[in-house]
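As a plain string of letters, each chain reads:
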Amino acid sequence: MAMAPDMLFNLRNNFYLGAYQAAINNSDIPNLTEDDLIERDCLVYRSYIALGSYQLVINEVDSSAATPLQAVKLLALYLSSPDSKESIISSIKEWLADDAIGNNPILRLIAGTIFMHEQDYNEALKHTNAGGTMELYALNVHIFFKMHRSDYAEKQLRVMQQIDEDHTLTQLATAWLNLAVGGSKIQEAYLIFQDFSEKYQMTSLILNGKAVCSMQMANFDEAESFLLEALNKDAKDRETLANLVVCSLHLGKPSSRFLSQLKLSDPEHMLLKRGLSAEENFNRAIQTVA
């Protein structure tokens, strides 16, 4: 018996690769099941969050919405209201402790994302470590990199490879690990991002991936061209701006314009910490590519 087509494949892929507006624009998909409709709406609202449209999500998701959508709304509230973080974290802990909804994969994913933002990695892993979806496994890889535990990240990647080696998230996680390992693996990471750029819409995420690979291979001119292309797509993207600061330093070019833009986009970005040399900034940029 043939498997039913995955109606949300393109939508998920757009989201994973940072084509957020394309995900929103192409979300009107016919004949979806009730579960697929909820997943579709979660992906669309998470795309709006990625674009900074927090208030739209907060306004549109009402109290009668399903648990996954309520969790996505909580992420929008968390990111839009720094003063309310404590009450939002308290709410998410309450939901996670509720036997009826606490094991919901999207709720666990959002909890992991919020606790990772808080740099409370052990708390994040409490809710994500059991995995269960490709996004949860990929988030675990991301968290382990933040903890500088590439050995655990590699174990989690092996689980993803056993499930679906060709999955977009598996390929992304493979590229992150290759960058962390360095050496000859950097070229392999570059080829993954190159493959994405040939198959799918070019995004800031893909261009930044190619740029970081190029910087690690000391091809700073090439990296700069990728980053300037990414900047044309999104002038406020903090990773593009941070990577341009580092790239400019290595090229001996002024970076003050990009630093000023980065301060506006992300005043807390680690590259704005004082007293870092170009080399230290570069090393930190590499560590945070995942």
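Look up a bit, the structure's there.
Calculation rules
- Residues numbered from 1 in each chain as written.
- Predicted model: local features only at pLDDT ≥ 70, side-chain atom pairs only at ≥ 80, totals over all residues.
- Heavy atoms only, no water.
- Core = buried A, V, L, I, M, F, W, Y, C linked by side-chain atoms within 4.5 Å.
- Buried < 20%, exposed > 50% of the residue type's maximum accessible area, 1.4 Å probe, protein only.
- Helix = DSSP H or I, 4+ residues; strand = E, 2+ residues; numbered from the N terminus.
- Contact = heavy atoms within 4.5 Å.
- Phe/Tyr/Trp six-rings, centres within 6.5 Å; stacked < 30°, edge-to-face > 60°.
- Axes fitted to C-alpha atoms, helices over the stretch in contact; angles between N-to-C directions.
- Parallel < 35°, antiparallel > 145°, perpendicular 65-115°, else oblique.
- Left-handed = near helix turned anticlockwise from the far one by under 90°.
- Salt bridge = Lys/Arg side-chain N within 4 Å of Asp/Glu carboxyl O.

**Q** When you look at the nonpolar core in this model, what are you seeing that I'm missing?
**A** One recurring pattern in soluble globular proteins: nonpolar side chains tend to sit buried together. In this structure, Val72, Ile92, Ile110 and Met160 are the most contacted members of the largest nonpolar core, which totals 85 residues. Looking at this core element by element, the count peaks at nine residues for helix H9 (residues 134–146). Residues in contact with valine 72, not counting those within four places in the same chain, are Cys42, Tyr45, Arg46, Ile49, Val57, Ile106 and Ile110.

**Q** Looking at this structure, I do not really get the packing of aromatic side chains. What am I missing?
**A** Centre-to-centre distance and the angle between the planes together describe a pair of aromatic rings. Applying the stated criterion to the full structure yields five aromatic pairs. On the basis of an interplanar angle of 65° and a centroid distance of 5.7 Å, the ring pair of phenylalanine 15 and tyrosine 20 is categorised as edge-to-face. Here tyrosine 20 falls in the partly exposed class, since its relative accessible area comes to 21%. With 6.3 Å between their ring centres and 40° between their planes, phenylalanine 196 and tyrosine 200 make a pair best called tilted. Given the relative accessible area of 29%, tyrosine 200 is considered partly exposed. Grouping aromatic residues by their ring pairs yields a cluster made of Phe15, Tyr16 and Tyr20.

**Q** Just to check I follow, could you spell out the packing of helix H8 (residues 121–128) against H9 for this structure?
**A** In a pair of packed helices, the angle between the axes and the distance between the axes together describe the arrangement. Running from amino to carboxyl end, H8 crosses H9 at an angle of 160°, the nearest separation of the two axes being 10 Å. Relative to H9, the element H8 lies roughly antiparallel. Crossing of H8 over H9 shows left-handed handedness. Note on element contacts: H9 touches H8 through Leu136, Leu139, Asn140, Ile143, Phe144 and Lys146, opposite Tyr121, Ala124, Leu125 and Thr128.

**Q** Sorry, what's going on with the pattern of salt bridges here?
**A** Here the idea is simple: oppositely charged side chains can pair when their charged atoms come close. Across all of its chains, the model carries 12 salt bridges by this definition. Among the ionic pairs, lysine 185 bridges to glutamate 188, the shortest N-O distance being 3.6 Å. Taken together, the positions of lysine 185 and glutamate 188, both in helix H12 (residues 185–199) and three residues apart, correspond to about one turn of that helix. For lysine 185, a relative accessible area of 32% puts it in the partly exposed group. When its relative accessible area of 37% is taken as the criterion, glutamate 188 is described as partly exposed. The partner of glutamate 224 in a salt bridge is lysine 253, and the shortest N-O contact between them spans 3.0 Å. Of this pair, glutamate 224 sits in helix H14 (residues 220–233) while lysine 253 sits in the loop between helix H15 (238–251) and helix H16 (256–265), and the two are 29 residues apart along the sequence. A residue is classified by how much of its surface remains accessible, and lysine 253, at 38% relative accessible area, is partly exposed.

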